[in-house]
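# Coordinate inspection notes
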Amino acid sequence: MEIKATQMHQLSTVYESQKENAQGDKSNHPKTAADIQEWLVSYLTVSLEIEPENVDRTIPFEHYGLDSLKALALTGDLEDWLGYEVDPTLMYDSHTIETLAKHLVEE
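Described below are features of the structure shown in this document. (Residues numbered from 1 in each chain as written. Predicted model: local features only at pLDDT ≥ 70, side-chain atom pairs only at ≥ 80, totals over all residues. Heavy atoms only, no water.)

## Some remarks on the packing of aromatic side chains
Put simply, the rule reads: Within 6.5 Å between ring centres, the rings of Phe, Tyr and Trp (the latter by its six-membered ring) count as paired, and their orientation is classed by plane angle as stacked under 30 degrees, edge-to-face over 60, tilted in between. Each helix corresponds to a stretch of at least 4 residues labelled H or I by DSSP, and each strand to a stretch of at least 2 residues labelled E; elements are numbered beginning at the N terminus. For the exposure calls, accessible area comes from a 1.4 Å probe over protein chains only, and a residue counts as buried if that area is under 20% of its type's maximum, exposed if over 50%, partly exposed in between.
Here the structure, examined in full by the defined rule, presents two aromatic pairs. Centre to centre, the rings of W39 and Y43 are 5.0 Å apart; their planes meet at 25°, and the pair counts as stacked. Here W39 and its partner Y43 are both found in helix α2 (residues 33–47), four residues apart, which amounts to about one turn of the helix. Residue W39 shares its accessibility class with Y43, and that shared class is buried. Taking 5.6 Å as the distance between ring centres and 20° as the angle between the ring planes, the aromatic pair formed by W39 and W81 counts as stacked. Separated by 42 residues along the polypeptide, W39 in helix α2 and W81 in helix α3 (residues 68–82) bring together distant segments of the chain. Both residues of the pair, W39 and W81, belong to the buried class.

Next comes the structure, spelled out in structure tokens:
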């Protein structure tokens, strides 16, 4: 499935908004698991054109049909938002939004 121009714009808007929120946070505190889960849900809803209520944080990423290209893009954008490197295979090792967020907070 190809990402359409409107999807790219939506992803860009979500990404920029979250980036500004992160930069606007003067305390520069680390992201919580809840922050990361919210970011992942937002990202998936835009990139996969699904409603937020259709994203279950406890089911495997593969359920959403993420191909390797989309998973790599997600990882890259997540790295930018978090401000540190994320192993691209972590999505598949962690399996769900909940476990990925938990792992990233513990890292």
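From this point, things continue past the structure.
## Digging into the packing of α2 against helix α5 (residues 97–106)
Spelled out, the test is: Only the stretch in contact is used when fitting a helix axis, every axis being a line fitted to C-alpha atoms; angles between N-to-C directions are given from 0 to 180 degrees. Should an angle fall under 35 degrees it is taken as roughly parallel, and over 145 as roughly antiparallel, whereas 65 to 115 is taken as roughly perpendicular and any remaining angle as oblique. Crossings are assigned a handedness: left-handed for a near helix turned anticlockwise from the far helix by less than a right angle, right-handed for a clockwise turn. Any two residues whose heavy atoms approach within 4.5 Å at even a single point are treated as in contact. By the convention adopted, Pro, Cys, Tyr, Trp, Phe, Met, Ile, Leu, Val and Ala count as nonpolar, Lys, Arg, Asp and Glu as charged, and the other residues, Gly among them, as polar.
Their axes nearest at 8 Å, the elements α2 and α5 cross at an angle of 135°. What the angle tells us is that α2 and α5 run oblique. Seen along the crossing, α2 lies across α5 with a hand that is right-handed. Contacts between α2 and α5 pair A33, I36, Q37, L40, V41 and L44 from the former with I97, E98, L100, A101, K102, L104 and V105 from the latter. Among the residues forming the contact of α2 with α5, the class breakdown is 10 nonpolar, one polar and two charged.

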